[in-house]
Amino acid sequence: MRRVWRGAVRFAVAHLVFPGPFNTTRGGCAFRVRSGGAPASPLASAASAAPRNLVTGWDGARSRESRVPSRESRSPVGGYPTRDSRLETRDTAAHHLITLLRAAVVRAAGRKTMAAGVGVLWLACSLRAWAAQEPAQEETPKPAPEKPTQNEYFGIPVSGTFSTKYRGRWTSEDRDQDLFHYLSVDFGDPARQDVTGHLLLRATQDVDGDRNPDEFFAFTDITNTFSNRNNGRLYYAYLDVTHAGPLDLARAGRQFLYETPALFYFDGFRLDSKPCAEVKNLQVGLYGGVPVHMYESSAGGDLLAGAYLEAQPWKGAKARVDYARIRDDYLFGTQRDDLWGASLRQSLGEILILHGQYTRLEAESRDLLLRANFYERSLDLRVDLSWYHLYNSQKILSIETDFFFSSAFDYFPYDQARLLVAKGVGEYLVVQGGVDVRELDDDAKEATFNREFRRFYLTPVFSNWPVPGLSLSLTGEAWEVPGTDNGDIRTGGFDVSHAYSPQLKLSAGVAYALFKYDFFANLERERVRTVYGKITYKDLNGFKLDVAYELEHDSLDDFRTLKVGAAYSF
Amino acid sequence: MKKVMVVMAATLAISLGACGLLKFLGLEKEPERPFSHLKHGKEQDLECQSCHTKAAKGAEAGMPVSLKKCMLCHEGIDEKQPPERKLAALYPGEKPAWSEVTKLPDEVIFSHKVHLDKKVGCAECHRGIEESASITEAVRVRKEACMGCHAERQASNECSTCHTAIRKERSPQSHGLSWKETHGKVVRLGMEDPPENRCSLCHTESTCTSCHRDEPPKNHTHFWRIQGHAVAVGVDRSSCATCHRTDFCDRCHQDTQPRTHTAAWGSPRNYHCLSCHTPLRSEGCALCHKSTPSHALAAPKPDWHTEGMNCRQCHVPGGSGPMPHPDKGDNCNACHP
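Overview of the structure. Nothing here was measured: the structure is a model prediction, and the numbers come from that model. (Residues numbered from 1 in each chain as written. Chains lettered and ligands numbered in written order. Predicted model: local features only at pLDDT ≥ 70, side-chain atom pairs only at ≥ 80, totals over all residues. Heavy atoms only, no water.)

1. Describing the overall build of chain A
Right, on to step 1. Of the regular secondary structure elements, chain A holds 6 helices and 23 strands.
Right, on to step 2. For chain A, buried positions account for 45% of its 570 residues.
Right, on to step 3. Partitioning the intrachain contacts of chain A with sequence separation of at least 6 by distance along the chain shows that 51% fall at a separation of at least 24.
Right, on to step 4. On chain A, roughly 28,700 Å² of surface is accessible, and the fraction owed to carbon and sulfur atoms is 59%. (Helix = DSSP H or I, 4+ residues; strand = E, 2+ residues; numbered from the N terminus. Buried < 20%, exposed > 50% of the residue type's maximum accessible area, 1.4 Å probe, protein only. Contact = heavy atoms within 4.5 Å. Areas by Shrake-Rupley, 256 points an atom, 1.4 Å probe, with all protein chains shown as cover.)

2. Looking at the overall build of chain B
Right, on to step 1. Secondary structure summary: chain B contains 13 helices and 0 strands in total.
Right, on to step 2. Each helix (α) and strand (β) of chain B, taken in turn from the N terminus, gives the series α-α-α-α-α-α-α-α-α-α-α-α-α.
Right, on to step 3. The proportion of buried residues among the 337 residues of chain B is 26%.
Right, on to step 4. Contacts in chain B between residues far apart in sequence, at least 24 positions, make up 58% of those at least 6 positions apart.
Right, on to step 5. As displayed, chain B has an accessible area near 21,200 Å², and 61% of this comes from carbon and sulfur atoms.

3. Quick look at helix α13 (residues 246–255) of chain B
Right, on to step 1. Counting buried positions along α13(B) gives 7 out of 10 residues, so the element sits mostly inside the fold.
Right, on to step 2. Of all the residues in α13(B), the buried ones are T246(B), D247(B), C249(B), D250(B), R251(B), C252(B) and H253(B).

4. Comments concerning a negative patch on the surface
Right, on to step 1. Together, D441(A), D442(A), D443(A) and E446(A) make up a region of like negative charge exposed at the surface.
Right, on to step 2. Within the element layout of this structure, D443(A) appears in the loop between β16 (429–440) and β17 (453–463). (Patch = residues over 30% accessible without salt bridge, like charges linked within 9 Å, V, L, I, M, F, W, Y side chains within 5 Å. Salt bridge = Lys/Arg side-chain N within 4 Å of Asp/Glu carboxyl O. Lys, Arg positive; Asp, Glu negative; His and termini not counted. Charge placed at Lys NZ, Arg CZ, Asp CG, Glu CD.)

5. Description of the pairing of strand β22 (residues 543–553) of chain A
All names here are of chain A.
Right, on to step 1. Judged from the 11 bridges that link them, β22 and strand β23 (residues 558–569) form a sheet pairing that is antiparallel. The residue bridging L551 from the neighbouring strand is R560, located in β23.
Right, on to step 2. In textbook terms, the turn of a hairpin is the stretch between consecutive antiparallel strands, and for β22 and β23 this stretch comprises 4 residues. (Pairing = 2+ DSSP bridges.)

6. A look at the environment of Y323(A)
All names here are of chain A.
Right, on to step 1. Within the secondary structure, Y323 sits in strand β10 (residues 317–330).
Right, on to step 2. Classification of Y323 by relative accessible area gives partly exposed; the value is 26%.
Right, on to step 3. Among all residues touching Y323, those that are not within four sequence positions of it are Y287, A305, G306, A307, D338, L339 and W340.
Right, on to step 4. A polar contact is formed between the side chain of Y323 and the side chain of D338, at a distance of 2.5 Å. (Polar contact = N/O pair within 3.5 Å; in protein donor to acceptor, adjacent residues only side chain to side chain.)

7. Notes on the pattern of salt bridges
Right, on to step 1. This model, assessed by the stated rule, comprises 25 salt bridges over all chains.
Right, on to step 2. A salt bridge links E400(A) to R245(B); the nearest nitrogen and oxygen atoms lie 3.4 Å apart. Here E400(A) is found in the loop between β14 (381–390) and α6 (405–408), whereas its partner R245(B) is found in the loop between α12 (222–235) and α13 on a different chain. Like E400(A), the residue R245(B) is buried in the burial classification.
Right, on to step 3. When the shortest N-O distance is used, the salt bridge between K113(B) and D117(B) registers 2.8 Å. Of this pair, K113(B) and D117(B) both sit in helix α6 (residues 112–117), 4 residues apart, which is roughly one turn of that helix.
Right, on to step 4. Through salt bridges with shared partners, one network takes in R167(A), R169(A), D176(A), D178(A) and D221(A).

8. Examining the packing of aromatic side chains
Two descriptors summarise a pair of aromatic rings, namely the distance from one centre to the other and the angle between the planes of the rings.
Residues and elements named next belong to chain A.
Right, on to step 1. Scanning all chains against the criterion turns up 19 aromatic pairs over all chains.
Right, on to step 2. When the ring of F409 is compared with that of F449, the centres are 6.0 Å apart and the planes differ by 70 degrees; the resulting orientation is edge-to-face. One end of the pair, F409, is in the loop between α6 and β15 (414–425); the other, F449, is in the loop between β16 and β17, with 40 residues separating them in the sequence.
Right, on to step 3. The exposure class of F409 is buried, given its relative accessible area of 13%.
Right, on to step 4. Each residue in the set Y388, F403, Y411 and Y414 is aromatic and connected to the rest through ring pairs, giving one cluster.
Right, on to step 5. In this structure, K165 packs its charged tip against the face of F180, placed 5.2 Å from the ring centre. (Phe/Tyr/Trp six-rings, centres within 6.5 Å; stacked < 30°, edge-to-face > 60°. Lys NZ or Arg CZ within 6 Å of the ring centre and 35° of its normal.)

9. Brief notes about a nonpolar patch on the surface
Residue and element names in this part refer to chain A.
Right, on to step 1. Taken together, the side chains of Y500, L504, L506, I535, Y537, F543, L545, V547, V564 and Y568 make up a nonpolar region of the molecular surface, amounting to roughly 790 Å² of accessible area.
Right, on to step 2. Of all the secondary structure elements, the ones that give two or more residues to the nonpolar patch are β20 (504–518), β21 (523–538), β22 and β23.
Right, on to step 3. Per-element tally for the nonpolar patch: the top contributor is β22, with 3 residues.
Right, on to step 4. Tracing the chain through its elements places Y537 in strand β21.

10. Considerations on the nonpolar core
In summary, soluble globular proteins display a tendency toward joint burial of nonpolar side chains.
Right, on to step 1. Counting 19 residues, the largest nonpolar core has I489(A), F515(A), F559(A) and F223(B) as the members making the most contacts within it.
Right, on to step 2. Element by element, the count of residues in this core is highest for α12(B), at 6 residues.
Right, on to step 3. In terms of domain composition, this core takes at least three residues from each of domain 2 (164–240) and domain 4 (424–570) of chain A.
Right, on to step 4. Setting aside residues up to four positions removed in sequence, F515(A) forms contacts with D488(A), I489(A), E524(A), R525(A), E526(A), V528(A), F223(B), W224(B), G228(B) and V231(B). (Core = buried A, V, L, I, M, F, W, Y, C linked by side-chain atoms within 4.5 Å. Domains from an automatic or database assignment.)

11. Description of the side chain of R455(A)
All names here are of chain A.
Right, on to step 1. Positionally, R455 belongs in strand β17.
Right, on to step 2. Polar side-chain contacts of R455 include one of 2.5 Å to the side chain of E477.
Right, on to step 3. Those residues in contact with R455 that lie beyond four places of it in its chain are G434, V435, D436, E477, A478 and W479.

12. Digging into the pairing of β14(A)
Residue and element names in this part refer to chain A.
Right, on to step 1. The buried count for β14 comes to 9 of 10 residues, which makes it a mostly enclosed element.
Right, on to step 2. Sheet topology places strand β13 (residues 364–376) next to β14; 10 bridges connect them, and they run antiparallel. Bridge pairing in β14 places L368 opposite H389.
Right, on to step 3. Counted along the chain from β13 to the antiparallel partner β14, the turn is 4 residues long, and its residue D380 has a positive phi close to 55 degrees.
Right, on to step 4. One ladder, built from 10 bridges, connects β14 with β15; its direction is antiparallel.

13. Thoughts on unusual backbone geometry
What is expected of a backbone is that most residues other than glycine have negative phi and most peptide bonds are trans.
Residues and elements named next belong to chain A.
Right, on to step 1. Residue P466 is bonded to the preceding W465 through a cis peptide linkage, with omega at -5 degrees.
Right, on to step 2. Residue position: P466 is located in the loop between β17 and β18 (470–480).
Right, on to step 3. The phi angle at F409 is positive, at roughly 65 degrees, despite the residue not being glycine.

14. Digging into helix α4 (residues 68–79) of chain B
All names here are of chain B.
Right, on to step 1. Buried residues of α4: C70, H74 and D78, and no others. The arc that holds every buried residue of α4, seen down its axis, measures 55 degrees, which confines them to one face. Exposed residues on α4 whose side chains face more than 90 degrees from its buried face are L72, C73 and E75.
Right, on to step 2. Buried residues in α4 make contact with α2 (37–43) and α5 (87–90). (Arc of directions from axis to C-beta.)

Following this line, the structure appears as structure tokens:
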């Protein structure tokens, strides 16, 4: 069967590339060369257009008309001659060569494959004809109505999302079915009210349950470690009061702190003062509470408290000093950590941001991070460069500052450099690639969970090409541990997504991963192949439905996963 | 190789820094746009719509399309001006040279007529314009001012009120197929991003939290969950910290049997012994079995066994000594003291 399809594809390619009896100008199956020159390239057509912003987001300067490619400009790259121009080439040596090549390909295909090839060719021509149609013109978007459309209860705007998802998983021997429910709610409008509330929670149901915990189960995950088949999680729930006297923000409840040297997740309070314009916009903050460790059996003995100072010492600069005291009662006893951090951020215009952060843990230097982010909108170019240094071995620490000691043991000092480049090319293509390099301070300390590595990745993404609404992505990544194959990982993938309308979107893709590792003195190679398909439907009333199916093949088994989800935004 | 990469990185950093610095310094100096609303509006008492004649009729306020109206007053003044300050020089085409200062992007919906019809005075949006002596970036009406006024007057602050492209139901161009993998690097830029690219325009905290807490990355396949993550942790454990903390790993490891722990792994065949090295941790067993070893050491050697004896002279399959487990070739004294 494989040979039939291979031959069919060869046959189709031969007739698409070389002139032949199927290259008719009727039925939209002709790839025309524009008279007087090379075919118009969609990638080149926007060279003189207004600035694009494919790398990061919106391109507000472009008009709608310039965004939707015209029919002429969408001529594919590398078209072959029409019938008239073929007449001119018939007498040339090139024509004879082309004819010979075509005949050879067709002969190699065989009768069965020729039949299949006709089918493939017909499909290709149909797609081409369909792609050549004028795209359905979107209605001119109308401005939203003047009055707010949010729901309001007792004068308080309420918005959020409720979603539910079914997940079914199967192998040849095991199966698992789960339900997930999410509710996120935002009370109040920060633009109009000083008091707002925010909430996100999740509930899960293990539909199957009742399995033997002493036997290997292919779908064991974190939810199976709880005794109850029904579980809930409160991710965050807090009340915000803004512009309260000298305070810019007062927050109480379960919350995240992202600006601190380590991510803090706790139940407690946060107070931010108003920036003092007379003193370089100096701002003071305090926070404290009980850290949230979702998978720890008890939060007893845990405590977090901290403070920060932030100011803008000169134009474009932001300086910050942090202190946090963490007490954590966990596996290895009670850990008490004093974490200090100092950071400086400098913006140079709108195109360059420099950032440095230094932290100390107890009386020792912990790490240093230097980062430069360059973004030039007119070039649609982003470059991120960073260097990280871990000063000292990290051992037993509180969960907030821990480097997975209980699983991976000591974390030895290292340097790591990262470079990422993302460039928009033309109107449809973004290419993103990068390199990560890690080197240990002491090569002798290289071990199972402390490795040097080189990481390379490249991802070109085509958007709205060759057909409006169609996106293609290729991705490749390689992790290499120098001097050995042990720990090498290679991945690659191809994804395609088509938005048939603002409501309906189809996606599909394949992925491949190769793991090389040595668990018991044998170098093992595991190949994981994944195929998926997904349909998403979204209407303008806030309702969303998605269905996804995935098939994974590896040496363990064939894993099949079906997900059906529905969400309503209010 | 390391030196080459360091040099390349340093060169790149210096180049980018230089570009940024030059651009930064260049931005400090605005081009001169010598039109004074103070003189024309306040001192000469001209109405806004004397020059901006289209404001009451349509979207744009309009600029005088020719010098005719200006020359009514400037005819005498212009003669005394140097060439670069004559009106003709300041009016290179149909519009004055500074008309781009307040030009809105094509995708923005705005109508002066709509606002004037709702009795919004010119000075309510163009605050301080009557005091400005030249056209600078400061006269541009900022989005924050628009939104503040909309909020006060109970007008909609939805993106779609003013934007045709930036709307909550339409993803930006950057949110392509690889956005899930790459957005982190963009997000880390922080609030200095161009305003139209701020995540908070369309997303709330729940978007980040629910995804980072619940939706696994693409490489978290079933193989990853069962076995593959160990390889990745061995190479780069820091990347796991984006979503996980150590309590997550510990909980799963404490409750989950590895795939190898089946059949003859435990007693009486004790195949797990085959993985024992000294120290135990190097083979990953200590991931779950924290104490080393987790059981009493094997039976000690009999008293009559002397140092230097070759254990394998007797302890081989079919030999005279007992052989309760396969021989992996390790030093027998490591377990048999």
